[in-house]
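# Summary of the model geometry
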Amino acid sequence: MELTERIAHRVTMVRRVDNPQSEPLQFNYRGKKFGYCNYQHTVGEESNATPIFKKDYSQWEAVEFSHPAYLDGYWSLAYDSYRGISQSPDERGQSTIADYEKELHEDLSKMPEEQKEKYIQNYKKYFSAWLSAQGRCLSAFITGPSGFNTRRSEKANTSSDNRYKEFREWRERAIKAIKELIERNKPEAQKMDEEWEALRKRIDRSIEIIHSINIGKEPGDKALFVSNLVNRIETQANNGNVEIVDKAIAYIREWNAKVKKPIVTERNKLFKFPEVARNVRGREEAKASQENKEVRVGNVTVVWNYEIDRLQILFDEIPDKDTRTRLHREFSFNWSSTNTAWQRKLTDNAVRAAKRFLNVETL
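We now turn to the structure provided with this report. (Residues numbered from 1 in each chain as written. Predicted model: local features only at pLDDT ≥ 70, side-chain atom pairs only at ≥ 80, totals over all residues. Heavy atoms only, no water.)

## Brief notes about the packing of aromatic side chains
The relative placement of two aromatic rings is captured by the distance of their centres and the angle of their planes. Using the criterion set out here, one finds 20 aromatic pairs in the structure. With 6.5 Å between their ring centres and 80 degrees between their planes, Tyr164 and Phe167 make a pair best called edge-to-face. Taken as a pair, Tyr164 and Phe167 lie in helix H5 (residues 150–185) at a separation of three residues, close to a single helical turn. Aromatic rings pair up to connect Tyr74, Tyr100, Tyr119, Tyr123, Tyr126, Phe127, Trp130, Tyr164, Phe167 and Trp170 into one cluster. Positioned over the ring face of Trp60 is Arg16, at 5.3 Å from the centre of the ring. (Phe/Tyr/Trp six-rings, centres within 6.5 Å; stacked < 30°, edge-to-face > 60°. Helix = DSSP H or I, 4+ residues; strand = E, 2+ residues; numbered from the N terminus. Lys NZ or Arg CZ within 6 Å of the ring centre and 35° of its normal.)

## With respect to the pattern of salt bridges
One pass over the full model with this rule turns up 25 salt bridges. A salt bridge links Arg171 to Asp107, with the shortest nitrogen-to-oxygen separation between them at 2.8 Å. Of this pair, Arg171 sits in helix H5 while Asp107 sits in helix H2 (residues 89–108); the two residues are 64 residues apart in sequence, bridging distant segments of the chain. Put simply, Lys345 and Asp309 hold a salt bridge, and the shortest N to O gap is 2.6 Å. Here Lys345 is found in strand E10 (residues 341–345), whereas its partner Asp309 is found in the loop between strand E7 (300–305) and strand E8 (310–315), with 36 residues between them in sequence. With a relative accessible area of 42%, Lys345 lands in the partly exposed category. The network of salt bridges with shared partners includes Glu103, Asp107, Arg168 and Arg171. (Salt bridge = Lys/Arg side-chain N within 4 Å of Asp/Glu carboxyl O. Buried < 20%, exposed > 50% of the residue type's maximum accessible area, 1.4 Å probe, protein only.)

## As for the sheet that holds strand E9 (residues 334–336)
Pairing is antiparallel in the open sheet, where five strands are placed in the order E6-E7-E8-E10-E9. The strands lining the two open edges of the sheet, one partner per strand, are strand E6 (293–297) and E9. Geometrically, the sheet is characterised by an average inter-axis angle of 30 degrees between neighbouring strands, direction not taken into account. Pairing between E6 and E7: five bridges, direction antiparallel. (Pairing = 2+ DSSP bridges. Axes fitted to C-alpha atoms, helices over the stretch in contact; angles between N-to-C directions.)

## Focus on helix H11 (residues 348–358)
When H11 is considered as a whole, its buried residues turn out to be Ala350, Val351, Ala353, Ala354, Phe357 and Leu358. Down the axis of H11, the buried set is contained in an arc of 160 degrees. They therefore lie on one face. Every exposed residue of H11 that faces more than 90 degrees away from the buried side is listed here: Asp348 and Arg356. In this structure, the buried residues of H11 make contact with E6, E7, E8, helix H10 (321–329) and E10. After H11 finishes, the residue Asn359 shows a positive phi value of roughly 60 degrees. (Arc of directions from axis to C-beta. Contact = heavy atoms within 4.5 Å.)

Okay, structure coming up:
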């Protein structure tokens, strides 16, 4: 494919058209910059790169790309979006396509294949809506002050800012939702391995400090670090993570056997956590076997969802913004797009919070 300005931001390797058998050379998009909107693309290793001038683009072919042309259909829209606000609309438009196409590619690289097409479609929708709104913006510096409609300009700027904000907020929500979906769909064994590895690294840091204090290598309050270590594992026990607690206890015992002074003595409550974890898991399994309970209060249904250990609040109609804000900030309920419900962990505190929110004495 012939090298052009329109594809340059995606090109990583090029080759001379008149020497198709030659080894491809590294292409550096805007490899040399001389100031605002003043640059040259270069070829070769950056330390010894040579410039490619626009008049010579036809002498080169692109042979490797960093990503597909996701936003290729928006070049005109990108250019036009800067006509009224920039002295260099083509360069600004080109940079916008390059930057957001790179962002889109990086987003897609982190998500499952089945999520990509929908994400691309929505990304394009919000991206184009922002550019369209920006295209209605004008600057007196560009158009001239004579007859400049300040009120109309402010309205257009506000609209553009709102479309951009919506674009970025959508992306943040979408990426968060996809990450949560990926996490939920991981095999339990993988989740456990990842959680254990994260905990093991924290245990290692604590053990290193405690051992250094034990041998006099570093000063410090050993009891404080031991307490911190024990508390981390106690959290796992209280969550019923039997396998992780067992691994943690075995790991600390291995260390105790290797050093002269134990990291944590056997009389510490730490070594009772396996029993705690098993008791918690037993209670959770018993709770999960219960049938869900529902209570109707006005236009709201409160659900004791024992299977996922959540107290849920379901509205007949979408509540207003103030209600949603109160539910989250004052009563600690979070919206679950998966379960289409406001929910929090099923505890006595959750039930009391629901009563206060609904202003009822019993549920």
